[in-house]
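# Notes for the structure review
What follows is the residue order along each chain.
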Amino acid sequence: MALLMLENLSFTYPGQAKKALDDISLQIEEGDFAVLCGQSGCGKTTLLRLLKPELAPHGTQTGTVLFCGKPLAAYTTRQSAAQIGYVLQSPEAQIVTDKVWHELAFGLENLGCPTEEIRLRVGEMASYFGIGDWFTQATATLSGGQKQLLNLASVMLLSPKLLLLDEPTSQLDPIAAADFITTLYRLNRELGITVLLSEHRREEVFPLADRVLVLEKGKLLSAAAPRTVCKTLAAHPIAAGFPAAARIYAGLSQRGACPLTVKEGQEFLSGYAKQTQPLPEEPEILPEEAACSLKNVWFRYERNAPDILRGVSLVCRRGELFALLGGNGAGKTTLLKVLAGMEKPYRGKPVLFGKPLASYPKTALYRHNVALLPQDVRTVFLKKTVWEDLADLCRVLGMTKEETVQTIERAGETFGISALFRRHPYDLSGGEMQKCALAKILLTEPRLLLLDEPTKGIDAYEKRNLCALLASLCKTGMTVFLVTHDVEFAAMCADRCALFFHGEVLSPSCPRRFFSANTFYTTAASRIARAVFPHAVTVEDVIALGKEQTQDARTEL
C-alpha cells in the first residue's frame, strides 16, 4: 500500500521564475526505507519540508500530495505532528528544552497526553535508544551524536507512520553517524516505520535502502533499487557520492552485480586483482616556513572546568592543507578558535607567521592574516541578499564601488554562486550557503584559512570542486587548516592528516600513511582494498592500481 503519493508536484519560491520542484510524481510504500539524493540545491530539503505541513516553505505549490490515501492538506496540525516525524540537519536547531527528559516529554505534553502515559512512553523510548545514562543531563552538555539521537527519540515518542530526515548525520563523526543510521534501520525493520532520508553520506545508507530517489534541478531523475541506480548513473556527476564499492566496480568492470558494501567490494576486488600491489608511501615533506604553530598549549573554558586542549603542539607550514579529524565534542572547534585568536590559552603561546598571536591588533589579525569559516555558516551573513552581504564586507575592506562589483563578480564565477546573488542567504540550501560563506570570508585574502566542517551539506561533486579550489589557494602560499568528519574529503585533498583525541593532536602524517593505519577513521576504499592494494586510500588509487594490474596481465599474455 502506498503510504505517500505525489502526483505532478511543483513548487516555486516567491520572486523566483525557476521552479524549485518540477512535476514530481512518485510513491513511497508503507515500510519503505528510501534515500533521497542529488546535488546541492536540487530541491531535496524543499521536497521534505513540503511533506511536513508545519515546516512547508512559503511559495506557489501545484499538484497533489496524498498521505495514507488522503490529501496532506486535509490533516490537522495535531494529526500531522503525530503521524509525520521530521529530524533536521542541525541537532541544536530542533532541541527546545533544557533537560533530556524534558525534551523527550515535550511533544507528548503538547498533545495533551496523561502524565502516567507520558512517563511510561518516555521510559520505554529512553531504554530503547540507550538514553538512560544521560537521561537527567542538560541538553547543552550533550555531544552532537547524543543530540541527534535525542531528536530522533523525541520524534519517535509520537509514534509517527512516516519519518523524514534531512541530512541528519552531516555534523556527526563517522562512528556516531554509523550508530545513528543503524538505529534508524532498526526502527524501519523492527517497527515498520517508513523512512525517507536525504543524505550526502551514502556509504552507509545505500546498502540499507529499498529505493533511491535522485533529484536533478528539481526534477525526479531516477527512482529505483540502489544497485540499479549505481549502474545506470555511473557516468553522472552524482556518482561521485555513490558507495566506494560501486565506484570501484564502475571504474574497473561492470560485470556481475554491483557491490554496495565494504564486504561485497572486498569480494569483487579479490576476484579482480590476482596479486598484491602496494602503492609507494608518500614521502613526508619537511616543514619549511611555518605559517602557524602551537607549543604545549592548554585551554579550558572555566577555571574549574576540565581542560579541552592538553599540551597541544603542532606546526603547519606555509602552503599546506592540514586536516584534523576526531569525535564530536573532542575540542577540534576550540582548537580552531585558539588559532583564530578568539580564545586565549592559559598556558602556551600560539604563533602566527613568526609573531605571537596575541601581538596582532584585531583589525590587522582579521585582514589579510587569518579567517575562520564557522560550522554554523548562518552566522556569517548579515544582510538580506548574498550580493548585499558581499558588498558590505567589500565596503569595510575599503574597496571602491567599481572594485566591489569586480570582486563580487569574480567570486561568483570562482564559486559558481552568481545565480544566488539576489537570494536571501537563509533561503539557500545547506551546500549553497556553505559556498557563499566561503566566498565571503575569502574576500579578506587571509594567509591562514581555518575551516570548520567545510563540506557540510555539499554533495560529492561539489566537494571535488572545493578540493580543487583549496589546492589552488595553497599554491598561492595560503595555509588551510580544516576540521572535518569527512574522511573521504580529507584523504582526497589534505597534505597531512591527524586525529584529535583527549585534548591532543595525534600522529600527523600524509593521508596514505594515516588512513591505511586506521580501522574506523579511514575511508571505505581503504577498508576494501588494503588486503590487495596496501596504502590505497581513495577510490582513484584503487581504480588506477586495478587498471595497471590488468594492463600488466595483458602484456604478459
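The following refers to the structure shown.

Secondary structure assignment for the chain yields 21 helices and 20 strands. Radius of gyration (C-alpha) of the chain: 24 Å, near the 24 Å computed for a compact globule of 557 residues. Oriented by its inertia axes, the alpha-carbon framework of the chain measures out at about 70 × 65 × 55 Å. Counting the 557 residues in the chain, one finds 55% classified as buried.

Before going further, it helps to examine the environment of T139. Of note, T139 is situated in the loop between helix 5 (115-128) and helix 6 (144-156). Since its relative accessible area comes to 8%, T139 is described here as buried. Spatially, the C-alpha atoms of T139 and F180 are 18 Å apart, while their sequence positions differ by 41 residues.

Attention now goes to the pattern of salt bridges. Should their charged atoms come close, side chains of opposite charge can pair. Using the criterion set out here, one finds 19 salt bridges in the structure. One salt bridge connects E320 with R317, and the closest N-O pair in it is separated by 3.2 Å. Of the residues examined, E320 reaches a relative accessible area of 0% and is grouped as buried. Residues joined by salt bridges that share partners form a network here, namely K19, D22 and K219.

On to the nonpolar core. L104, F129, L152, L163 and F242 are the most contacted members of the largest nonpolar core, which totals 75 residues. Of all hydrophobic cores here, the second largest spans 52 residues; its members include A323, V380, L393 and V487.

Within helix 14 (residues 386-396), 8 of the 11 residues are buried, leaving the element largely enclosed by the surrounding structure. A positive backbone phi angle near 85 degrees is found at G398, which sits one or two residues after helix 14.

A volume near 940 Å³ is recorded for the second largest pocket. In this structure, the second largest pocket is lined by 47 residues; those nearest its centre are R201, E203, E204, D486 and E488. Of all elements in the fold, only helix 7 (174-191), helix 8 (202-205), helix 17 (460-475), helix 18 (487-493), helix 20 (524-529) and helix 21 (539-556) reach the threshold of two or more residues within the lining of the second largest pocket. Counting residues per element, the lining of the second largest pocket draws most heavily on helix 7, at 6 residues.

For T479, the location among the structural elements is in strand 18 (residues 479-483). If we ignore the near neighbours within four places in the chain, the residues touching T479 are A291, C316, R317, R318, G319, E320, R447, L448 and L449.

Tallied over the entire structure, the rule returns 0 disulfides. Here C37 stays unpaired: no disulfide links it, and the sulfur of C42, its closest cysteine neighbor, is 8.0 Å away.

For the rest of this paragraph, the subject is the pairing of strand 6 (residues 84-87). Consecutive side chains along a regular strand alternate between the two faces of the sheet. Across the two faces of strand 6 the burial is the same, with I84 and Y86 and G85 and V87 all buried. Pairing of strand 6 with strand 7 (residues 162-166) involves 4 bridges; the strand directions are parallel. Bridging across to strand 7, Y86 finds its partner in L164.

Even without being a glycine, F353 presents a positive backbone phi close to 50 degrees. With respect to the helices, strands and loops of the structure, F353 is situated in the loop between strand 14 (351-352) and strand 15 (355-356). One non-glycine residue, S507, adopts positive backbone phi at about 50 degrees. Summarising the element assignment, S507 is placed in strand 20 (residues 504-509). Look at S507 and you get exposed, because its relative accessible area is 56%.

Strands pair in a sheet through their backbones, by hydrogen bonds, and they do so in one of two ways: parallel or antiparallel. Ordered in space as 6-7-8-3-9-10, the 6 strands form an open sheet in which the pairing is mixed. Edge positions in the sheet fall to strand 6 and strand 10 (219-224), since each has one partner strand and no second. With direction set aside, neighbouring strand axes in the sheet form an average angle of 15 degrees. Packed on one face of the sheet, helix 6 meets strand 6 and strand 7 and runs near 170 degrees to strand 6.

Across the sheet, which stays open at both edges, the 6 strands sit in the order 16-17-18-13-19-20 with mixed pairing between neighbours. On the outer flanks of this sheet lie strand 16 (370-373) and strand 20, each paired with one strand and no other. On average, adjacent strands in this sheet sit at an angle of 20 degrees to one another, irrespective of strand direction.

Glancing now at the packing of aromatic side chains. Tallied over the full model, the rule gives 10 aromatic pairs. The ring of Y128 is capped by R186, whose NZ or CZ atom sits 4.5 Å from the centre of that ring. Above the plane of the ring of W298 lies R347, whose end atom (NZ or CZ) is 5.1 Å from the centre.

Two quantities define a packed helix pair, namely the angle between the axes and the distance from one axis to the other. For the pair helix 14 and helix 16 (residues 430-441), the least separation of the axes is 10 Å and the interaxial angle reads 15 degrees. As the angle between them shows, helix 14 and helix 16 are arranged roughly parallel. The two elements helix 14 and helix 16 meet at a crossing, and its hand is right-handed. Side by side, helix 14 and helix 16 meet where V386, D389, L390 and L393 of the first sit next to C436, A439 and K440 of the second.

What counts, and at which threshold
- Residues numbered from 1 in each chain as written.
- Predicted model: local features only at pLDDT ≥ 70, side-chain atom pairs only at ≥ 80, totals over all residues.
- Heavy atoms only, no water.
- Helix = DSSP H or I, 4+ residues; strand = E, 2+ residues; numbered from the N terminus.
- Rg over C-alpha atoms; globule rule 2.2 N^0.38 Å.
- Buried < 20%, exposed > 50% of the residue type's maximum accessible area, 1.4 Å probe, protein only.
- Salt bridge = Lys/Arg side-chain N within 4 Å of Asp/Glu carboxyl O.
- Core = buried A, V, L, I, M, F, W, Y, C linked by side-chain atoms within 4.5 Å.
- 1 Å grid on protein atoms, 1.4 Å probe; cavity = no way out; pocket = protein on both sides within 12 Å on 5 of 7 lines; lining within 4 Å.
- Points joined across faces, edges and corners; volume = space filled by probe spheres on them.
- Contact = heavy atoms within 4.5 Å.
- Disulfide = S-S within 2.5 Å.
- Pairing = 2+ DSSP bridges.
- Axes fitted to C-alpha atoms, helices over the stretch in contact; angles between N-to-C directions.
- Phe/Tyr/Trp six-rings, centres within 6.5 Å; stacked < 30°, edge-to-face > 60°.
- Lys NZ or Arg CZ within 6 Å of the ring centre and 35° of its normal.
- Parallel < 35°, antiparallel > 145°, perpendicular 65-115°, else oblique.
- Left-handed = near helix turned anticlockwise from the far one by under 90°.

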